[in-house]
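Coordinate analysis (summary)
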Amino acid sequence: MPIIEAHSLSKHFKRFRRRPGLVGAVKDLWHRTYEVVRAVDGIDLSVERGEIIGYIGPNGAGKSTTIKMLTGILVPTAGSLAVQGLVPHKDRYRHVRTIGVVFGQRTQLWWDIAVIEAFNLLQKIYEIPRDEYRQRLKKFNQVLGLEDLLNIPVRKLSLGQRMRCDLAASLLHNPAILFLDEPTIGLDVAVKASIRDFIRETNRQQGTTVILTTHDLSDIEELCSRVIMIDAGKLIYDGGLRELKERVDIPRRLLVETIFPINASKMMLLLKDYRLGITALDPYRWELSFSKGRVNLPQLMQLLLDTLEVRDLELEEPAIEEIVRQIYDRGAPGDAR
Amino acid sequence: MKKVAKYWQFMRIGFIAYLAHRFQVLMNVLSYLLVIALNYFLWRAVFASRPVIAGFTMSQMMTYVVIGWSARTFFANRIDRMIGDAVRDGSIVMDLLKPTNFQLYHYFRSFGRAVFMFVFMTLPIIVVASLLFPIKPPSGRLGPYLFPLSVVLSFFLHAGISYLTGLMAFFTRNNEGVFRFKQMLVEVFSGVMIPISFFPAWVQGALFWLPFKYIAYVPLRIYLGMEPLSRVHQGVLLQVMWIIIIYAAGQLLWHFAIKRLEIQGG
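The text that follows walks through the structure, step by step, so that each part is easy to find. Being a predicted model, the structure only gives us computed values, none of them experimental. (Residues numbered from 1 in each chain as written. Chains lettered and ligands numbered in written order. Predicted model: local features only at pLDDT ≥ 70, side-chain atom pairs only at ≥ 80, totals over all residues. Heavy atoms only, no water.)

1. Some thoughts on the overall build of chain A
Note the following rule: Secondary structure elements are defined from DSSP: runs of H or I of at least 4 residues count as helices, runs of E of at least 2 residues count as strands, and each element is numbered from the N terminus. Three exposure classes are used, based on accessible area relative to the maximum for each residue type with a 1.4 Å probe and protein chains only: buried under 20%, partly exposed in between, and exposed over 50%. Note on definitions: a residue-residue contact is assigned when non-hydrogen atoms from the two residues lie within 4.5 Å. Each accessible area is a Shrake-Rupley estimate made with a 1.4 Å probe; only the visible protein chains count as cover when residues are assessed. When charges are counted, Lys and Arg are positive and Asp and Glu negative, with His and the chain ends excluded. Note on charges: their place is set at NZ of Lys, CZ of Arg, CG of Asp or CD of Glu.
Tallying secondary structure elements over chain A gives 12 helices and 13 strands in all. Principal-axis analysis of the C-alpha atoms gives chain A an extent of 70 × 60 × 45 Å. In chain A, which comprises 337 residues, the share counted as buried stands at 52%. Of the contacts formed within chain A by residues at least 6 apart in sequence, a portion of 71% connects residues at least 24 apart. Carbon and sulfur atoms make up 49% of the accessible area of chain A, which amounts to about 16200 Å² in all. In chain A, which carries 48 positive and 44 negative side-chain charges, the distance between the mean positions of the two groups comes to 6 Å.

The structure is reproduced here in structure tokens:
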């Protein structure tokens, strides 16, 4: 039985539309006009226990709204939703006992008190047996390196430190489902890596189901086997990451900056063996675009470094927005389930 | 037992969160002493012409002022503002994700704050004020016991009123206006500023049906021993009754409030 099941799940917001100018403001006093925003518009979801799902889409696509319905914070406008057999917003109290949530931009800890005090409070709130709590805390301390942070008030933690604490906090009660909304936003590479390892381990050892929204494609590549993509409130892809990559050309861009100017024909000749899109931004700066997997990147970079006086190389990973655009342009790769 | 541990922990964090601000709080002691001094001299001038006004003698009035303003530091709370801020900045989401009674969470967290205030404000104010002004000890046989009980009940009554006010943040954008209005009602009709017996009869009649006077006026009358024993019991019982009514109203309003919750994006 799926752990999360949704049918034609929708959330519409009514947004007050202000009319411009003084006359408009006066009119608004008498009669207000509203527009309906379809933040989530009839999506079907089915998630099995133990999956790690990447839930992606451009800004304002409806990701957070979906998460808020799944966690019981928002009441759906239409459609049905069952998470572990419960309707989240109706059974909020029972439901939230069995889930863990991390919102990258917020904290579930308390600003003015030390991390350990917040953890102790969570132990009481979730009624975690003492031994279990101690054991888990000890493990989290080791894996996430929290030892030195425990006695610091939350407001004095750096973003990376706070995120590690928040992640630990969300798993103290060993939830069946972990919702992560942009957990790696603004973090440095080392912290990202430790957070990903931790999520992967938790999923493997505890069988925790993970729903991850992110803007960082490398989060998805490292963690998720399945990707669900949403845009303008509708699902546009639901399937494996590999299938997505095979069917959608995920473009990467290499920016090359040279010390001396290079003319176009020389560049073309040099790179004739590679299937690249070559654009000159100016004689010193070149943009090489290619499909991931179709070009041997180390070899290409070696060639560039050997033959040109390279000042700088910069690799751009594709943005989620770009993949979404491709799906639209080429038709969905594999119909949304 | 688990529940008790939970609420104890709420109190703890309410208390601990203010430890960082203890010097700020001590500064507030000075402002309170100033307010008490102003009131003291004001009432002394009022009583210069007559020995008894609205049932109060001058010495009762002086004690009323000092004990009333000191008690205010204890039963005041910021629940309405905490909820208002959380709704505005969206952090209310994190509160909703915790499997706990939101109302009791606020009551007990603020009670922890009140205990902090008692130690760092109420007590210093009473100690200094009792050196500066002539105040009487709690009166009668039961005063010393029933007055503290009654003030603790005042705290929970006022907490309930603030909680209801705070929930208004779910329904209106203009929280500030609602909060100020509530504060004004409490200041005037709780009896901290002016004893209720100074109001015209019809206002006193109306206030019988409202919870406000049970916040300050009733406990202070108990302190001063101005009520017969039966009325003292009645007063305490009415405090309890109002706490229960307002708690129930809070539970009910909460269900409507969270349905109204609309948070776009982050």
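Moving on from the model shown.
2. Focus on the packing of aromatic side chains
Where two aromatic rings form a pair, the distance of their centres and the angle of their planes describe that pair. This is how it is decided: Between 30 and 60 degrees the pair is tilted, below 30 it is stacked and above 60 it is edge-to-face, where a pair is any two Phe, Tyr or Trp rings, Trp via its six-membered ring, whose centres lie within 6.5 Å. Either the NZ atom of lysine or the CZ atom of arginine qualifies as a charge over a ring when it sits within 6 Å of the ring centre and within 35 degrees of the ring normal.
Using the criterion set out here, one finds 30 aromatic pairs over all chains in the structure. Arranged with centres 5.8 Å apart and planes meeting at 40°, the rings of Tyr18 of chain B and Phe116 of chain B form a pair that is tilted. Of this pair, Tyr18 of chain B sits in helix H1 (residues 2-19) while Phe116 of chain B sits in helix H6 (residues 102-132), and the two are 98 residues apart along the sequence. A ring pair is formed by Phe56 of chain B and Phe198 of chain B, whose centres lie 6.2 Å apart and whose planes are at 50°; its orientation type is tilted. Of this pair, Phe56 of chain B sits in strand S2 (residues 56-57) while Phe198 of chain B sits in the loop between helix H8 (175-189) and helix H9 (201-208); the two residues are 142 residues apart in sequence, bridging distant segments of the chain. By relative accessible area, Phe198 of chain B is classed as partly exposed at 25%. When the ring centre of Phe103 of chain A is taken as reference, the NZ or CZ atom of Lys68 of chain A above it lies at 5.9 Å. Of note, Lys98 of chain B hangs over the ring of Trp110 of chain A, and the distance from its end group to the ring centre comes to 4.5 Å.

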